[in-house]
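# Close look at the chain arrangement
Spelled out, the chains give:
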Amino acid sequence: MDDWNPEQLSSSAEAAAKAPEPSSIFASSYQYCSRILRQRFIGCIPSLSNLNLPQKITFLEKISTLYKRRIIPSTSRRKRGTCLPLPLPSVSLEPFKQTSETSRVYEVLGDIVEHTFFNLHSVQKNLHFWEARAEGSTSNKVYFMVFERGPLAFLDGSAQLLHDYVFHGTGMQQVSSSASVHISERISVLTSLRYSLATFLAQVYVEVEKSGEQILKEPGKSLAALLGTINGLFLSLEASIGHFSAVRQIGSSVDGSYSSPLMFETLPDVNQESSQWTDCEIRDVINLIYLNLNKLDVYLSLLVAKHQKPRTMTRHWMRYTIGAVGISVFSVWLLGHSRLAGSPDIDNWIHDAKTSVTDFLNHHVEQPLIAIRDELFETFRKRHKGVMELEEVQLTSNSLHRMLLAFSEQTKGQKFPENASDQEMLEIVMGRYEKELMHPIQNLVGGELARAMLIQIQKLKLDIETAMLELNQILRANEINFAILAALPAFFLSLLILMLLRAWVKQDTRAQGKGKIARVQRRLLIVEVEKKIVQFQTCIDQGLEKDGQCMYGLILYTLDRLYRAVERHAKATGEWQSLREDINNLAKPNLATTEKLRVTSRMAHMYDCLLPSMRH
């Protein structure tokens, strides 16, 4: 269910970790130099060493602050992607747009929430991997330790298995125990990170929701208080996750060393009790929050990277190795049959394959299609022969009618109309024929027996011609069917290729996709929301406030994933406005649990983009 779409959120943390921007280095250098000069200046003048000077009053640090205002991290300038919106009334957005500084407050709040969602997803998907490995059997854990951690781990694991089996007779127990320690250590760290990030997200969301109505009344004072509270939440987050750099156990399986401790910048010396902050003070706080946000991203990216799941290349290195060896062997074999080695084998194979494909296309594609074309578009050219045959049958029918009419008039001695029924006159002929058969030899010479027999022969001729005409029509009508039957092999082959191509194109299993798997994953997100809501209510009933905040943060995280997954599909079906309102209602902290469960039940049964594919 790793259906996060990172295209709308560039990982600034990884970029900062790998290649720090020169501007950031320049600003940090100014800060460092200012601290050194201040310490030396105060140390040289004893009268100043007893003064409690603020941390951020030096000239160089002021320059650094001004410079940072101009080099606000790119994450604050970029357009944010689609994510769960902040819990602010729509009317309250207008005061934010009055000035550039107040509008940036809303942007920085959105960036905080979005970066927290991204970091939570990074932690969550790695945690799911390790939890799945922890639930595996002993053989699965051993297989992971030996085969899914790279070539060096394969050699070490194989040597450990052989050593334990030969000298201790324990077999896989030792490797399985190592796997349990390896997995549990990562689960412990990632679980703690998820707990702290979810709690931080819930606190930010609740504080923004509390300030929503107050912003309408006193925008300036509310913004000042909200920014100060957000900075305090960063410091609380530092206290909860900043210790990971110092708690590494001896003999840990985590590669490399931990990063330096997480230390956020404190709020600058501004008048926090003032009812109205100046634009300069708001810019300072915003820049500081962005600096703390980037520090958090860098710290988490390094910490998660040390506890993340092995890369796909690492987990399947043996398959890739075997595939590379196979391709290499095949390439050498192919080279031996090529022109480079003086062999005409490849040319002969290409010629034979070309001939086979050409024959197949000719017999099963081209000729059947030409036959269908001729049958459909040259009907009139072929029809003239059928018309002549129909006229011949009509001549035989007219001749039989005249013979029956003459025989009936002569036998009955009365005049018959021209449109007399052939069946009626044929009954007269048959009656006379039966009577003449009483004396066949006498009537054959002097009676009407020979004439009646000739009339019956004419009738038989008419029946045969009529049957042949119908048979000819049936065969002509089935000419297109025969052509289609000849083209069926090519048709089924093309259909198979199209099905394989469609399956390859729609192999995306993310919740944003259009296929059956994507619908299942979107419904599983609703199930996850319901579970987290129930767990949140359980924590509240038991008085576990901190755990309740964590559960509420995980609810917001799951709602954000659902929000991203259904937006495009709901807009296509015209359900987005109503569905977005339901998702926002589920995110409200003060909405009753029973009402939230009622909303999730309605979402799972009413919206087309969330229904099972069999009902679609």
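In the block above lies the structure referred to throughout.
Residues numbered from 1 in each chain as written. Predicted model: local features only at pLDDT ≥ 70, side-chain atom pairs only at ≥ 80, totals over all residues. Heavy atoms only, no water.

### Description of the overall build of the chain
Counting its regular elements, the chain contains 24 helices and 0 strands. Within the chain, buried positions represent 38% of all 616 residues. Across the chain, contacts joining residues at least 24 apart in sequence account for 74% of those joining residues at least 6 apart. Carbon and sulfur atoms make up 60% of the accessible area of the chain, which amounts to about 35800 Å² in all. (Helix = DSSP H or I, 4+ residues; strand = E, 2+ residues; numbered from the N terminus. Buried < 20%, exposed > 50% of the residue type's maximum accessible area, 1.4 Å probe, protein only. Contact = heavy atoms within 4.5 Å. Areas by Shrake-Rupley, 256 points an atom, 1.4 Å probe, with all protein chains shown as cover.)

### Here we look at the environment of arginine 194
For arginine 194, the location among the structural elements is in helix H10 (residues 173-217). Sequence separation of arginine 194 and asparagine 119 is 75 residues, and the distance between their C-alpha atoms is 8.9 Å. Residues in contact with arginine 194, not counting those within four places in the same chain, are Leu120, Val123, Gln124, Leu127 and Leu554.

### Some details on the pattern of salt bridges
Taken as a whole, this structure holds 11 salt bridges when the rule is applied. One salt bridge in this structure joins aspartate 582 and arginine 602, with 2.8 Å as the shortest N-O distance. With aspartate 582 in helix H23 (residues 576-587) and arginine 602 in helix H24 (residues 593-606), the pair connects residues that are 20 residues apart, well separated along the chain. A relative accessible area of 34% means that arginine 602 is categorised as partly exposed. In the salt-bridge network here, residues are joined through shared partners; they are Glu528, Lys531 and Lys532. (Salt bridge = Lys/Arg side-chain N within 4 Å of Asp/Glu carboxyl O.)

### Thoughts on helix H22 (residues 545-573)
Between its terminal C-alpha atoms H22 stretches 40 Å, which fits the 42 Å expected from 29 residues at 1.5 Å a residue. The sharpest bend along H22 measures roughly 45 degrees and falls at valine 566. Following H22 by one or two positions, glycine 574 has its phi on the positive side, about 75 degrees. (Expected span 1.5 Å × (residues − 1). Bend = angle between axes of the 7 residues up to and from the residue.)

### Things to note about the packing of helix H21 (residues 516-541) against H24
Taken N-terminus to C-terminus, the directions of H21 and H24 make an angle of 170 degrees; their axes are 10 Å apart at the nearest point. With respect to H24, the axis of H21 lies roughly antiparallel. The segment H21 lies against H24, with Arg523, Ile526, Val529, Glu530, Ile533, Val534 and Gln537 engaging Thr593, Lys596, Leu597, Thr600, Ser601, Met603 and Ala604. Grouping the constituent residues of the contact of H21 with H24 by class yields 7 nonpolar, 4 polar and 3 charged. (Axes fitted to C-alpha atoms, helices over the stretch in contact; angles between N-to-C directions. Parallel < 35°, antiparallel > 145°, perpendicular 65-115°, else oblique. Nonpolar A, V, L, I, M, F, W, Y, C, P; charged D, E, K, R; others polar.)

### Considerations on the side chain of threonine 600
Relative to the helices and strands, threonine 600 resides in helix H24. Judged by its relative accessible area of 1%, threonine 600 is buried.

### Considerations on the packing of aromatic side chains
Counted under the stated rule, the structure contains 13 aromatic pairs. With 5.6 Å between their ring centres and 85 degrees between their planes, tryptophan 130 and phenylalanine 144 make a pair best called edge-to-face. Placement of the pair is tryptophan 130 in helix H7 (residues 100-134) and phenylalanine 144 in helix H8 (residues 138-147), with a sequence separation of 14 residues. Judged by centre distance (5.6 Å) and plane angle (45 degrees), the ring pair of phenylalanine 147 and phenylalanine 154 falls under tilted. Through a chain of ring-to-ring contacts, three or more aromatic side chains come together here, namely Tyr143, Phe147, Phe154 and Trp317. (Phe/Tyr/Trp six-rings, centres within 6.5 Å; stacked < 30°, edge-to-face > 60°.)

### Re the packing of H21 against H22
Geometrically, a packed helix pair is captured by the angle between its two axes and the distance between the axes. Direction vectors running N to C along H21 and H22 enclose 160 degrees, while the axes themselves pass 9 Å from each other. Of the possible angle classes, the one that applies to H21 and H22 is roughly antiparallel. Judged by the twist between their axes, the crossing of H21 over H22 is left-handed. (Left-handed = near helix turned anticlockwise from the far one by under 90°.)

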